[in-house]
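# Chains, contacts and geometry: an overview
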Amino acid sequence: MIRVRVLDRKLRRDLRTAIGRLLAITGIMGLGVACYVEMASVYENLVRAKDRFYTQCRMADFSVELKKVPNSVLLELANFPEILEVRPRIQFSATVDLPGVEKLLNAQVLSLPDRQSPVINDIVLVSGSYFTDRRENEVIVHDTFARRRGLKPGDWIHVILNNRRQELFIVGTAMSSEFVYLVGPGSLAPDPENFGVLYLKQRFAEEVFDFDGARNQVVGTMIPSAREHPQPVLDRIEAFLAPYGVFSTTPRKHQPSNRYLSEELEGIATFSGILPTIFLAVAALVLNILMVRWTDQQRTIVGTLKALGYTNAQVFAHYMKFGMSVGLLAGVAGCIGGYLLAGWLTGVYGQFYEFPDLRNEVYLDKFGLGLLISLTCSSLGALHGARSVLKLQPAEAMRPKPPRQGGAILLERIPWLWSQFSFATRLALRNIFRNRFRTLAGIFATAMGTCILVTGFMMREAIHYLVDFQFDKVQRSDVDLYLKDEQSYDALLEAARLPGVDYAEPLLEVSCTFYHGPYQYRGTISGIMPGARLTIPRDDQARAIRIPTSGLVMSRKMAELLHVKTNDTVVVRPTEGLRQPQEVRVVSIADGYLGLGVYADWHYLNRLIGEADAINAIQLQIDPRPEVKLALNRELKELPALQSVHYRADIVHNLRTTVIETQSIFIGVLVFFAGVIFFCSVLNNSLVSLAERQGEVATFRVLGYTPWEVGRLFLKESLVVTAVGTVLGMPMGYWLGVWLTILYDTELFRIPVVTTPPVWISTIICSMVFTLAAHALVQWNIHRMDWLDALKVRE
Amino acid sequence: MNEVDDRVLLRLENVGRTFQMGEVAVHALKSVSLDIYRGEFLVMVGPSGSGKTTLLNIIGGMDQPTSGRALYAGQDLAKLSPRALTRYRRERIGFVFQFYNLVPNLTALENVMVASELSRNPLDEREALAMVGLAHREDHFPSQLSGGEQQRVAIARALAKNPDLLLCDEPTGALDFATGKLVLSLLVRLKEELGKTVVVITHNSAIGDVADRVVRLRSGEIIEVHRNEQPASPEEITW
């Protein structure tokens with residue numbers, strides 16, 4: 001085919017002429033590509049950072065939590081053919097007392113070899129050094145915790161280890177692949193200010209915990225084939241170590257940090273599909289409208305070119321190029337924008353997921369795919385318009401286009417209704433009905449925008465609801481004290497006498513395995529007092545559930561995992577105490593959004609594990625006055641038997657400042673995305689309509705209409721389309737929201753479906769604001785239109 | 001082939017064209033027969049609806065007859081495929097339209113190039129513009145040119161392909177008297193100096209005075225073919 005350079009020149013100038021409308025479409029399409037490139041790059045950034053970190057630290061494939069097992073026995077595990085290597089270690093919870101910090105902080109203590117050597121679940125030093133030979137009581141502190149608390153190598157800290165207050169010397173700060181996402185117990189989000197990890201020398205740990213030659217955890221690596229299906233190996237390990245007491249076995253898949261990270265990665269992968277699809281579909285539709293109008297407007301040029309002897313293929317290619325230019329521009333802009341957005345989002349993830357080198361990289365394959373997607377999408381959008389030039393005969397193209405078919409629209413057949421409308425409304429309705437495809441495309445675009453808005457606002461409300469539900473209705477204590485060992489009821493009375501304590505309740509938490517037919521799952525039963533006020537299980541209507549004197553109240557998620565219904569019987573085998581399997585009835589199902597709570601009557605649970613009045617946690621309601629709290633905290637620091645202390649206010653505050661703030665940014669971005677869809681589609685439709693009806697506008701102006709009155713005619717059309725789109729988009733957004741809650745329905749947390757009035761009100765306000773903003777630009781075009789010139793236009 | 005046939009560039013034999021408009025069949029052309037000779041200036045005159053544009057479209061390969069034959073160099077245009085018709089238009093025909101049909105966002109020179117780039121044997125674009133007296137306006141866009149100038153660009157465009165047959169649909173229809181005469185002189189010059197065959201359709205019978213032959217059409221039929229033994233010069237005529 002002859003390359004027609006001059007047509008390319010025409011193309012460039014055509015593009016310049018239609019720049020406003022093209023940019024609107026490029027905006028939507030570019031965002032779609034940017035979204036895809038962003039999400040796909042962030043996904044890749046995280047996966048690569050994770051892989052590098054896991055390799056660097058030799059991340060374990062499994063861990064086994066034990067009571068106390070001789071080191072030599074544990075080393076025998078390496079003889080299993082599927083096991084490559086094992087590292088027995090000591091792990092305990094501890095509390096940290098920092099000078100100048102009013103309350104106790106929680107920490108996990110882990111042992112490391114005295115001399116540095118590459119080990120499984122190794123650390124990466126960030127500052128300072130590894131242990132030296134100078135002192136026994138050296139400690140390496142989790143880097144983020146150290147930074148947040150202003151700790152650095154050379155500082156001393158006080159830690160309560162095995163009921164004894166120890167002074168430890170910080171030699172270094174470090175991070176490790178097992179704590180990429182470091183969540184303290186009972187929370188959703190990392191709280192590095194209040195929870196950290198401390199690494200002690202192996203020898204020193206043995207000494208302070210009375211673990212001479214023994215360990216209570218083993219981490220190990222497996223051969224690749226066993227790594228895929230670790231359960232049979234873990235079962236054999238459990239059987240092998242059973243005589244010594246196995247609390248639990250955890251494959252890497254269930255390792256908390258790895259699990260949070262994997263679930264987040266899955267979420268990103270899903271999102272990287274949904275959002276771009278919405279954008280690209282809307283963009284293709286809007287481009288379609290523009291192209292049909294554009295080729296229509298150029299029908300005499302098409303005719304002339306054909307009369308001159310241009311082939312159908314040449315003319316078709318010329319108009320395809322016009323449409324595909326949008327794809328090219330959107331693709332390039334989207335790739336650059338996506339890369340920059342990925343940098344920002346990677347940074348946001350970096351605040352929650354700690355990697356030594358999380359960086360934003362350039363992925364040419366993602367760019368290539370982004371570009372390909374936008375070119376494909378623009379070709380699809382351009383095809384309809386460009387194809388119309390094929391059908392056009394040159395002789396026919398020379399003749400003016402026959403006037404559009406008139407005739408009454410459906411609504412006119414209902415005379416009493418039709419007569420209610422003003423002249424302007426009738427005109428708007430006729431235009432809406434006559435340009436059916438354009439109207440439908442506009443409705444589709446606004447419905448998609450609404451869908452994104454509703455989903456975003458539902459997520460916002462859901463997190464607020466979740467926090468309120470969990471920390472206001474279910475967990476109502478101000479302070480939870482977890483005790484190092486099970487103690488008698490007297491510990492409660494002692495706690496109740498602490499300063500500022502208004503009310504105290506006992507709690508007995510028992511780790512156990514639940515069996516139901518072929519299903520089994522590990523969890524914890526919380527034994528609460530009859531009529532407990534500080535832990536109140538609730539149903540999905542947030543009504544309190546009475547704890548039965550016998551049997552269990554099981555969280556819906558746990559019941560789902562075990563395929564259990566109300567009144568079914570499950571077998572419970574505690575991992576501590578008598579460890580006798582017992583059949584227990586599930587009396588009712590509770591709703592909750594964090595973890596897999598199972599509740600039982602405190603007395604009943606005591607009987608179940610063969611105890612009389614054991615407690616291992618105490619919940620307190622305290623006097624909120626600061627001076628009283630100060631006194632309480634001072635006393636708590638002197639209690640040696642505490643394993644950890646949880647302050648509800650801290651957890652809620654942490655959730656609000658981390659999860660909710662970050663979520664607000666994401667919702668802000670979603671609202672912006674929806675805004676782009678609304679704005680660009682309304683703008684494009686109105687501008688196409690305006691270009692088409694120049695003669696009509698000119699006639700109105702001759703008749704004496706003001707530009708505002710003319711603008712109002714266009715506004716009415718836009719508002720009707722927006723209103724219909726918004727109404728249709730609302731249920732779509734609701735279902736997308738429901739689908740997302742199903743997607744994010746994990747054992748760690750669930751998102752409630754919340755559809756309070758603010759969801760709908762915010763959506764309606766946003767959709768109207770975006771439409772009016774687009775109309776402002778249309779109005780400006782009407783104002784500056786040379787209508788006298790338009791009167792002369794031949795169509 | 002006899003001697004007469006050699007002079008014929010295009011022969012129409014009983015050409016008819018019917019348009020189906022809903023349930024009504026409109027006979028735009030009813031059995032038209034006509035020979036167009038090489039190097040002649042032919043004017044077809046007729047009122048609106050006489051079928052002259054339809055006839056021009058058939059001659060130009062933009063439309064095909066529903067009956068009869070349109071023979072160009074022995075080839076029946078009615079039987080050509082769309083692709084062959086495009087080739088015919090590309091290689092043989094130059095069009096001049098009443099409303100010029102210039103591409104608005106290309107300059108005068110570029111509008112000429114739109115045609116010359118298609119041709120195997122084009123005239124130089126600048127030469128073509130010089131021939132219509134617009135060498136100095138080559139960088140102007142259509143909106144910066146007067147109607148007469150735009151029509152001259154359109155003629156230069158038609159010419160640039162170096163076609164055998166120049167078809168002009170009401171070339172003076174949108175122009176004032178003086179400019180119209182200027183354009184007409186230009187067309188006559190093309191015939192005289194370059195030996196082009198020029199077919200002009202118009203409803204303005206005065207234009208017929210400059211032609212070698214005048215064909216009168218009414219209601220889709222030829223009612224008269226008149227040969228001007230002494231064609232007038234465009235300067236002499238008036239309307």
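Residues numbered from 1 in each chain as written. Chains lettered and ligands numbered in written order. Predicted model: local features only at pLDDT ≥ 70, side-chain atom pairs only at ≥ 80, totals over all residues. Heavy atoms only, no water.

Looking only at helices and strands, chain A features 24 helices and 20 strands. A principal-axis box enclosing the C-alpha atoms of chain A has dimensions of 100 × 60 × 55 Å. When each of the 795 residues of chain A is scored for burial, the buried share is 58%. Contacts in chain A between residues far apart in sequence, at least 24 positions, make up 81% of those at least 6 positions apart. Split by element, the accessible area of chain A, about 33,200 Å² in all, is 58% carbon and sulfur. Side chains of chain A carry 82 positive and 77 negative charges; the gap between the two charge centres is 14 Å. (Helix = DSSP H or I, 4+ residues; strand = E, 2+ residues; numbered from the N terminus. Buried < 20%, exposed > 50% of the residue type's maximum accessible area, 1.4 Å probe, protein only. Contact = heavy atoms within 4.5 Å. Areas by Shrake-Rupley, 256 points an atom, 1.4 Å probe, with all protein chains shown as cover. Lys, Arg positive; Asp, Glu negative; His and termini not counted. Charge placed at Lys NZ, Arg CZ, Asp CG, Glu CD.)

This part is about unusual backbone geometry. All names here are of chain A. Positive phi is not limited to glycine here, since Asn163 has a value of about 65 degrees. Structurally, Asn163 can be placed in the loop between strand 7 (156-161) and strand 8 (164-176). The class for Asn163 is partly exposed, based on a relative accessible area of 38%. Phi is positive for Asp210, close to 55 degrees, though the residue is something other than glycine. Checked against the element boundaries, Asp210 lands in the loop between helix 5 (202-208) and strand 10 (214-222). Residue classification places Asp210 among the partly exposed positions, given a relative accessible area of 47%.

The next point concerns helix 2 (residues 19-57) of chain A. Residues and elements named next belong to chain A. When the terminal C-alpha atoms of helix 2 are compared, their 53 Å separation across 39 residues agrees well with the 57 Å that a helix rising 1.5 Å per residue should span. Taken across its 39 residues, helix 2 has 29 buried, putting it largely inside the fold. After helix 2 finishes, the residue Arg58 shows a positive phi value of roughly 50 degrees. (Expected span 1.5 Å × (residues − 1).)

Below, the discussion takes up the side chain of Thr250(A). All names here are of chain A. Checked against the element boundaries, Thr250 lands in strand 11 (residues 246-251). For Thr250, a relative accessible area of 17% corresponds to the buried category. Here the side chain of Thr250 touches Glu65 through a polar contact of 3.4 Å, side chain to side chain. For Thr250, the residues in contact, after removing those within four places along its chain, are Asp61, Phe62, Ser63, Glu65, Leu234 and Gln255. (Polar contact = N/O pair within 3.5 Å; in protein donor to acceptor, adjacent residues only side chain to side chain.)

With 26 residues of chain A at the interface, the matching set in chain B holds 24 residues. The contact between chain A and chain B buries some 2,300 Å² in all, and 60% of this surface belongs to carbon and sulfur atoms. On inspection of chain A and its partner chain B, the count reaches three salt bridges. Of all the elements in the fold, those that place two or more residues in the side of chain A that touches chain B are helix 1 (5-17), helix 9 (299-308) and helix 12 (394-398) of chain A. (Buried area = accessible area lost by both parts, 1.4 Å probe. Salt bridge = Lys/Arg side-chain N within 4 Å of Asp/Glu carboxyl O.)

Right, let's talk about the packing of helix 4 (residues 108-116) of chain B against helix 6 (residues 147-160) of chain B for a bit. Residue and element names in this part refer to chain B. For the pair helix 4 and helix 6, the least separation of the axes is 7 Å and the interaxial angle reads 30 degrees. In terms of orientation, helix 4 lies roughly parallel with respect to helix 6. The handedness of the crossing between helix 4 and helix 6 is right-handed. For the pair helix 4 and helix 6, the contacting residues are Ala108, Asn111, Val112, Ala115 and Ser116 in the first and Val153, Ala156, Arg157 and Ala160 in the second. (Axes fitted to C-alpha atoms, helices over the stretch in contact; angles between N-to-C directions. Parallel < 35°, antiparallel > 145°, perpendicular 65-115°, else oblique. Left-handed = near helix turned anticlockwise from the far one by under 90°.)

Our next topic: the sheet that holds strand 2 (residues 24-37) of chain B. Residues and elements named next belong to chain B. The four strands lie next to each other as 2-1-4-5, forming an open sheet whose pairing is antiparallel. The open sheet terminates on both sides in strands that have one partner only, identified here as strand 2 and strand 5 (75-76). Bridge count for strand 1 (residues 8-21) against strand 2 is ten bridges, and the pairing is antiparallel. The residue bridging Val15 from the neighbouring strand is Val32, located in strand 2. (Pairing = 2+ DSSP bridges.)

Moving on to the packing of aromatic side chains. Residues and elements named next belong to chain A. Per the counting criterion, the structure on display carries 23 aromatic pairs over all chains. Taking the centre distance of 4.8 Å and the plane angle of 5 degrees together, the rings of Trp294 and Phe322 count as stacked. Here Trp294, found in helix 8 (residues 256-297), pairs with Phe322, found in helix 10 (residues 312-352); they are 28 residues apart in sequence, far enough to count as distant. We classify Trp294 as buried; its relative accessible area is 4%. When its relative accessible area of 2% is taken as the criterion, Phe322 is described as buried. (Phe/Tyr/Trp six-rings, centres within 6.5 Å; stacked < 30°, edge-to-face > 60°.)

Moving on, we get to a nonpolar patch on the surface. Taken together, the side chains of Leu328(A), Val332(A), Ile336(A) and Leu340(A) present a nonpolar region at the surface, about 370 Å² in accessible area. Along the chain, Ile336(A) turns up in helix 10. (Patch = residues over 30% accessible without salt bridge, like charges linked within 9 Å, V, L, I, M, F, W, Y side chains within 5 Å.)

Residue and element names in this part refer to chain A. Counting buried residues along strand 6 (residues 138-142), five of its five residues qualify, which places the element largely inside the surrounding structure. Pairing of strand 6 with strand 8, which is carried by five bridges, proceeds in the parallel orientation. Of the residues in strand 8, the one forming a bridge with Val139 is Ile170. Pairing of strand 6 with strand 9 (residues 195-201) involves three bridges; the strand directions are antiparallel. Bridging across to strand 9, Ile140 finds its partner in Tyr199.

Glancing now at the sheet that holds strand 2 (residues 83-89) of chain A. Residues and elements named next belong to chain A. Here four strands make up an open sheet; going across it, the order is 2-10-1-11 and the pairing antiparallel. Every interior strand has two partners, whereas the edge strands, strand 2 and strand 11, have only one. Strand-to-strand, the axes of this sheet are offset by a mean angle of 25 degrees, without reference to chain direction. Where strand 1 (residues 62-70) lies against strand 10, six bridges are found, and the strand directions are antiparallel. From the neighbouring strand, Val69 faces strand 10, where its bridge partner is Arg215. Where helix 7 (residues 231-241) meets the sheet, its contacts fall on strand 1, strand 2, strand 10 and strand 11, and the angle it forms with strand 11 comes to roughly 160 degrees.

With that out of the way, let us pick up the environment of Ala211(B). Topologically, Ala211(B) is positioned in the loop between strand 8 (197-202) and strand 9 (213-218). The sequence separation of Ala211(B) and His226(B) amounts to 15 residues, and the corresponding C-alpha distance is 9.6 Å.

Attention now goes to the side chain of Arg157(B). Residue and element names in this part refer to chain B. Tracing the backbone shows Arg157 in helix 6. Despite being buried, Arg157 has no salt bridge partner; Asp169 is the closest side chain of opposite charge, sitting 11 Å away. For Arg157, the side chain forms a polar contact with the main-chain oxygen of Tyr100, separated by 3.0 Å.

This model, assessed by the stated rule, comprises 56 salt bridges over all chains. The partner of Asp8(A) in a salt bridge is Lys321(A), with the nearest N and O atoms 2.8 Å apart. Within this pair, whereas Asp8(A) is found in helix 1, its partner Lys321(A) is found in helix 10, the two being separated by 313 residues in sequence. When its relative accessible area of 12% is taken as the criterion, Asp8(A) is described as buried. Residue classification places Lys321(A) among the partly exposed positions, given a relative accessible area of 36%. Between Arg126(B) and Glu138(B) there is a salt bridge, with its nearest N and O atoms 3.1 Å apart. Highlighted residues: Arg126(B) in helix 5 (residues 125-131) and Glu138(B) in the loop between helix 5 and helix 6, separated in sequence by twelve residues. A residue is classified by how much of its surface remains accessible, and Arg126(B), at 43% relative accessible area, is partly exposed.

Looking at chain A as a whole, the pLDDT averages 88, with 96% of positions reaching at least 70. By mean pLDDT, the top-scoring element of chain A is strand 6 of chain A (96), and the lowest-scoring one is helix 24 (residues 787-792) of chain A (64). (pLDDT = per-residue confidence, 0-100.)

What follows concerns the packing of helix 15 (residues 436-474) of chain A against helix 23 (residues 757-783) of chain A. All names here are of chain A. With their axes 9 Å apart at the nearest point, helix 15 and helix 23 run at an angle of 140 degrees to one another. Regarding helix 15 and helix 23, the two cross each other, and that crossing is right-handed. Residues Thr450, Leu453, Val454, Phe457, Met458, Arg460 and Glu461 of helix 15 form the contact with helix 23, whose participating residues are Pro758, Val759, Trp760, Ser762, Thr763, Cys766, Ser767 and Phe770. Its residues placed into classes, the contact of helix 15 with helix 23 shows nine nonpolar, four polar and two charged. (Nonpolar A, V, L, I, M, F, W, Y, C, P; charged D, E, K, R; others polar.)

Residues and elements named next belong to chain A. Mapped onto the fold, Gly267 is located in helix 8. Given the relative accessible area of 4%, Gly267 is considered buried. Each C-alpha atom, one on Gly267 and one on Asp143, is 28 Å from the other, the two residues being 124 residues apart in sequence.

What follows deals with the state of the cysteines. Residue and element names in this part refer to chain A. Evaluation of the coordinates by the stated rule reveals zero disulfides over all chains. Not part of a disulfide, Cys377 finds its nearest cysteine sulfur in Cys35, a span of 13 Å. Look at Cys377 and you get buried, because its relative accessible area is 7%. (Disulfide = S-S within 2.5 Å.)

Let's shift gears to a negative patch on the surface. All names here are of chain A. A contiguous patch of negative charge, built from Asp485, Glu486, Asp490, Glu494, Glu576, Glu611 and Asp613, is present on the exposed surface. Secondary structure elements with two or more residues in the negative patch: strand 12 (479-487) and helix 16 (490-496). Relative accessible area serves as the criterion here: at 51%, Asp490 is assigned to the exposed category.

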